Amino acid sequence: MPSSHDWINKPLGVVEAMFAQSNSNPEWEAKVLEYFKGQLKEKESHSWVPSLNDVPLHYLKPNSLVKFRCLVQDMFDPEFYMGVYETVDPSTKVLRCGKYKDVTECGVDLNSRNTVTAERQTFYCVPIPGESPWAKEISFLSAARVVPSTSYVPSRQKRSYEEDDDMDTQPQKTKWSLTELQSSSPHGNGDSKRQETEAPSSQTTAPSDCSSHLDLNFPLPGERGPACLVKVYEGLDSFKLNDTLEIYGILSVNPVLTVIVYPYRDPSLLLLNPTESMETPEEQRAHDPPASLVPRLHMLYARPLQHNNPLLPSAPTEDQSAFVSSFLVEMASVRAELLAYLTHVLLGDGLAAEYLLLHLISNVYTRRDVLPLGKFTLNLSGCPLNSYTERLYQIVQQLVPCSYRLSMSLHTMNSMRLVPKKDYVANRLVSGALQLARNTSLFLDETQLEQGQLDSSGVRNITALGNLISWQKVDYDFSYHQMEFPCNINVLVTSEGRSLLPSDCQVPLQPQVTPPNMEEYLTTIHMAQFTSQINKFRVYLSLARTLDYSISDEVTKAVEDDFVDMRKDDPQSVTAEDLHRMLVVARLLSLSLGQTTLSRDGWMRAKHIDMLRRSRTEQQKSLNGNEP
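Residues numbered from 1 in each chain as written. Predicted model: local features only at pLDDT ≥ 70, side-chain atom pairs only at ≥ 80, totals over all residues. Heavy atoms only, no water.

Quick word on unusual backbone geometry
Now for step 1: A positive phi angle is found at Leu 347, which is not glycine, with a value near 60 degrees.
Now for step 2: In this structure, Leu 347 sits in the loop between helix 10 (331-345) and helix 11 (350-360).
Now for step 3: Of the residues examined, Leu 347 reaches a relative accessible area of 1% and is grouped as buried.
Now for step 4: Of note in the backbone geometry, Gln 472 takes a positive phi value of approximately 50 degrees without being a glycine.
Now for step 5: As for its placement among the helices and strands, Gln 472 is situated in the loop between helix 14 (456-471) and strand 15 (473-477). (Helix = DSSP H or I, 4+ residues; strand = E, 2+ residues; numbered from the N terminus. Buried < 20%, exposed > 50% of the residue type's maximum accessible area, 1.4 Å probe, protein only.)

Some thoughts on the environment of Leu 251
Now for step 1: By the element assignment, Leu 251 lies in strand 6 (residues 244-252).
Now for step 2: According to the relative accessible area criterion, Leu 251 is buried, its value standing at 0%.
Now for step 3: With 194 residues separating them in the primary sequence, Leu 251 and Leu 57 have C-alpha atoms 9.6 Å apart.
Now for step 4: Beyond its immediate chain neighbours, meaning those up to four positions away, Leu 251 contacts Leu 52, Leu 57, Leu 60, Lys 61, Pro 62, Asn 63, Ser 64, Val 66, Pro 295, Arg 296 and Leu 297. (Contact = heavy atoms within 4.5 Å.)

Some remarks on helix 19 (residues 600-623)
Now for step 1: Between the first and last C-alpha of helix 19 there are 35 Å, a value that for 24 residues agrees with the 34 Å anticipated at 1.5 Å per step.
Now for step 2: Taken as a whole, helix 19 has its buried residues at Gly 602, Trp 603, Ala 606, Lys 607, Ile 609, Asp 610, Arg 613, Arg 616 and Thr 617.
Now for step 3: Buried residues in helix 19 make contact with helix 11, strand 18 (505-508), helix 17 (553-569) and helix 18 (576-592). (Expected span 1.5 Å × (residues − 1).)

A word on the sheet that holds strand 10 (residues 378-381)
Now for step 1: Judged by pairing direction, the sheet is parallel, and its five strands sit side by side in the order 11-14-17-10-18 without closing on themselves. Pairing within the sheet leaves two strands with one partner each, and these edge strands are strand 11 (403-407) and strand 18. Taken pair by pair, the neighbouring strands of this sheet meet at an average axis angle of 20 degrees, ignoring direction.
Now for step 2: With five bridges connecting them, strand 11 and strand 14 (residues 441-445) associate as parallel partners. (Pairing = 2+ DSSP bridges. Axes fitted to C-alpha atoms, helices over the stretch in contact; angles between N-to-C directions.)

Quick notes on the packing of helix 10 against helix 15 (residues 518-527)
Now for step 1: Contact pair helix 10 / helix 15: the axes reach a minimum separation of 10 Å and the direction vectors enclose 165 degrees. Of the possible angle classes, the one that applies to helix 10 and helix 15 is roughly antiparallel. Viewed along their axes, helix 10 and helix 15 form a crossing whose handedness is right-handed. Here Tyr 341, His 344 and Val 345 of helix 10 come into contact with helix 15, specifically with Tyr 521, Leu 522, Ile 525 and His 526.
Now for step 2: Its residues assigned to classes, the contact of helix 10 with helix 15 shows five nonpolar, two polar and no charged. (Parallel < 35°, antiparallel > 145°, perpendicular 65-115°, else oblique. Left-handed = near helix turned anticlockwise from the far one by under 90°. Nonpolar A, V, L, I, M, F, W, Y, C, P; charged D, E, K, R; others polar.)

Focus: the pattern of salt bridges
Now for step 1: All chains considered together, the criterion is met by 27 salt bridges.
Now for step 2: As a salt-bridge pair, Glu 16 and Lys 101 come within 3.0 Å of each other at their nearest N and O atoms. Taken together, the residues Glu 16 in helix 1 (residues 11-22) and Lys 101 in the loop between strand 3 (95-97) and strand 4 (116-127) connect sequence positions 85 residues apart.
Now for step 3: Relative accessible area serves as the criterion here: at 4%, Lys 101 is assigned to the buried category.
Now for step 4: With a shortest N-O distance of 2.8 Å, Arg 405 and Asp 445 are connected by a salt bridge. Of the two residues, Arg 405 is situated in strand 11 and Asp 445 in strand 14; the sequence distance between them amounts to 40 residues.
Now for step 5: One salt-bridge network, held together by shared partners, links Asp 578, Arg 581, Asp 610, Arg 613 and Arg 614. (Salt bridge = Lys/Arg side-chain N within 4 Å of Asp/Glu carboxyl O.)

The following block contains the structure:
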């Protein structure tokens, strides 16, 4: 690997060398960041850096450079640390750099006048909630190969974090025999791996034991993977709660960091200001979990993720531009193939397939005051009961990089915590199932709802889902007040009749085929697709969301005139809300074809399918007189 320094295995050596050469000139800190950013700009250099998402923690070398693909779940209060300190030994007193460290190599002279106190902030970061198994698998296969940092040498280079979760959550069983390591397969059984990462259908709202150091505070139940305390030194204002980032930083896993294991640790070994130890025991347990379970990562560079699809370049580079240009040529043909696939999945209903495709590429592209523009919540009503909706979700999960299915049973709605809540005793944000990354596909299965009474928690959850759909926001619970957090989540509601939740568009499903065995039918359709074809669908859906879009003045005028004409014919049948929906549909139709501007033909096509949908909805209302 071409480098004048071993910048991946020994990044602290690079930092200390620049500090030693600086002669107390503060510009050395900027030079450190420029150096690492420069190294990461090298072609394929990102793939050289091991990932915490893909490599078990015990395989990684302490104080090495690693990366972490994550969501910022919580932001702790700023902390003071010793940016420059002096060693204790009077015969060899030297100034050392404390930046990007938690623990010193030698004792600190706490009375030295040369100590420089600095400030940093800690983010609690978790793996991106609901990341699809296929996205994890592709990321795993492209991850940097790592030689274990322990004394044994297993027969393979790495294993997925899910397979090591049982070991990592039980510190008393951290030593594995060589036989056990050699007998494990790289990926395990595919079905069992899916079962490991699949979220259970409910998550209780019973008060969580915040003193438990094993509570990793993942937003979704059943999630696996590492959580991480990220120490941030620069650009604090550029990060927000719920940001999705790829962080490059120096790994710190020293056991001295663990309050629970070392309650009487020597303060001279730590770089934190000992006078700042004013945390309650509950807060210490939440903010200082075992480093073997929640490692520390000292940020050198963070890259915001517009998406987490590993098949699509994530950074705006020349390579990405070339990739996009080449794929745009195929957009129309891939769209036709995906539409045919979704039509089969939706039991031959081509109109519902068209709307599902548009829903899957929808995205909040801007906000006008409180109104989120671009959202397109779809309600597929008339869904068959039994296992159809569950299998439909599994197919959607195979197409999008992030998703979660919420089974809206009475028990789930009354017991599950959807909205994050502030725990003032532990001074942390307790996560909820609606703390999701942008562009996550949230699948609300209303066919599971049975008769019964919603309690106060269930009513709050239904209200939270309604606010999410209508305003693309979640009101986090801070006990004494609520705080709005905007989001960008694609919501698909499946229901037997019209959904009790609001939606931007309702499409009654009209099956054209009635297979005797639904499970076998859907499995056959999915298995008939080649992996290369499914990968094209995955790229298509992610890429369509990233395209720019505009409407020319000429087409705008034509749309306005058309709307006036429609109102003349029947003022009651076409409202401003209808116009807004048709404009959203027209935008999505254009983008689905790779077109970045609206044409007259595109507008006429949007009007046509909206007319078909409204006709079907009216027909359904006449059949079901009790529906609103």
